[in-house]
Amino acid sequence: MNPDDVTLADLPIRADLRGKSPYGAPQIDVPVRLNTNENPYPPSPELVADLAEAVREQAGELNRYPDRDALALRADLAAYLGHGLRAEQVWAANGSNEVLQQILQAFGGHGRTAIGFEPSYSMHPIITGGTSTEWIRAAREDDFSLDPGKAVAAIEEHRPDVVFLTSPNNPTGTAQPLPTIEAVLAAAPGMVVVDEAYAEFAREGTPSALTLLPEHPRLIVTRTMSKAFAMAGTRLGYLAAHPAVIEALLLVRLPYHLSTLTQTAARVALRHRAELLGTVDALRRERDATVAWLRSKGLRVADSDANFVLFGRFPDRREVWEGLLERGVLIREVGPPEWLRVSIGTGEEMAAFRAALEGVL
Ligand code: PMP
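Scope of this entry: the structure provided in the associated data block.

Rules used throughout
- Residues numbered from 1 in each chain as written.
- Predicted model: local features only at pLDDT ≥ 70, side-chain atom pairs only at ≥ 80, totals over all residues.
- Helix = DSSP H or I, 4+ residues; strand = E, 2+ residues; numbered from the N terminus.
- Rg over C-alpha atoms; globule rule 2.2 N^0.38 Å.
- Buried ≥ 20, exposed ≤ 12 C-beta atoms within 10 Å, placed from the backbone.
- Contact = placed C-beta atoms within 7 Å.
- Axes fitted to C-alpha atoms, helices over the stretch in contact; angles between N-to-C directions.
- Parallel < 35°, antiparallel > 145°, perpendicular 65-115°, else oblique.
- Left-handed = near helix turned anticlockwise from the far one by under 90°.
- Pairing = 2+ DSSP bridges.
- Right-handed = clockwise from strand over helix to strand, strands pointing away.
- Near = placed C-beta within 6 Å.
- Nonpolar A, V, L, I, M, F, W, Y, C, P; charged D, E, K, R; others polar.

## Here we look at the overall build of the protein
Tallying secondary structure elements over the protein gives 11 helices and 12 strands in all. Taken over the C-alpha trace, the protein has a radius of gyration of 21 Å; the compact-globule value for 361 residues is 21 Å, and the two agree within 12%. C-alpha atoms of the protein, sized along the principal axes, occupy 60 × 55 × 55 Å. Expressed as a percentage of the 361 residues in the protein, the buried residues total 42%. Residue pairs at least 24 apart in sequence account for 73% of intrachain contacts in the protein once pairs closer than 6 positions are excluded.

## Quick word on the packing of helix H3 (residues 95–107) against helix H4 (residues 123–130)
Any two packed helices are characterised by how steeply their axes cross, that is the angle between the axes, and by the distance between the axes. Packing of H3 against H4 leaves a shortest axis separation of 9 Å and a crossing angle of 45°. Comparing the axis directions of H3 and H4 gives the class oblique. In this structure, H3 meets H4 at a crossing whose hand is right-handed. Taken together, the residues of H4 that come into contact with H3 (itself represented by Asn 97, Leu 100, Gln 101 and Leu 104) are Met 123, Ile 127 and Thr 128.

## Description of the pairing of strand E5 (residues 162–166)
In terms of residue burial, E5 counts as a mostly covered element, since 5 of its 5 residues are buried. The side-chain alternation of E5 yields two buried faces, one formed by Val 162, Phe 164 and Thr 166 and the other by Val 163 and Leu 165. Note: strand E3 (residues 113–118) against E5, 3 bridges, orientation parallel. The partner of Ile 115 across the bridge, within E5, is Val 163. Note on the crossover from E5 through helix H6 (residues 178–187) to strand E6 (residues 191–195): the handedness is right-handed.

## A word on the sheet that holds E6
One open sheet holds the 7 strands; their spatial order is E2-E8-E7-E6-E5-E3-E4, and the pairing between them is mixed. Of all the strands in the sheet, the pair left with one neighbour each is strand E2 (90–93) and strand E4 (134–139). In this sheet, adjacent strand axes meet at a mean angle of 25° when their direction is disregarded. Pairing of E6 with strand E7 (residues 219–224) involves 4 bridges; the strand directions are parallel. When the bridges of E7 are listed, Val 194 appears paired with Val 221.

## Some points on the site of the ligand
Surveying the vicinity of the ligand reveals 13 residues, the closest of which are Gly 95, Ser 96, Ala 197, Thr 224 and Ser 226. Here the shell around the ligand takes 3 residues from H3, the largest share from any one element. Class assignment of the residues belonging to the shell around the ligand gives a composition of 3 nonpolar, 9 polar and 1 charged.

As structure tokens, this is what we get:
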């Protein structure tokens, strides 16, 4: 066979991966990018200078492997999270996606199941499938909330090894009240993962599942520096859980998975957290204004505790998405049919979004 004619279909790939498409939002170079829930504010010159200096100091030792257990970084992350957490209750990897993958490697796998309540983060089923864990799809209510009684019933029916709750949820923006999480913890026979990638954007009165950790050794709360911390390019995700959970993850993690440069960049960012998280209030205000504006246009908008807003409903959402793109604004065609998701950008970016959407409607 001519090597140029070989396609994926010719390779002996796992049967359960055949016919699947890779995950990924389009990376299109347009003036206003509001499609991947990044923080629009770049690091300050002071942070950039500190980071460059810290990398310069480390560069002379790059012949050596990194700290395999990232102890200093985990101590810094524990201090940031508060709630009395210690370094041995925190774990870090290359983005919370890798953290989630390690959780599935340790607690999922062939013959095991994981359940999620859709619409939710589409990587949960993909990571689940990648580890040969079976994905079980349960539904949310029409307003994207989770009915605790129905969630418990689904868990009792399927007895999953892993339960995913996403709070605030992507792509809907809706958060989970603690009593729902507690009801799920009481019913779940296995691990319960609360994906809190957007926790820092939550509205006043939306508490974190971190408060439940002392009572629940099978609870894992995952976080990331990609969103509120404005460090998506660094690839640093982390979790808080019982120390025994982290012992389980050590069995599946690759040695030296977190590079010296990643650990260094994350620690510098944590030192600059006042500046980085200083943008969160502005983004929250911009989010609330976006929700109000979209509603004033007669659109349906999900309540948002995150740095994005899901709105609709459009019988032909592709047409709206393309109309915005033609006007230089990239948003995300994701979630239930007829809905679109816009990430919250700077004031100027949101003005451009509003002008473009008015042009389209
Ligand atoms: N969880 C949720 C709910 C997300 O939306 C994302 C990013 N889109 C992630 C996890 C993964 O983020 P990262 O790997 O950058 O930490």
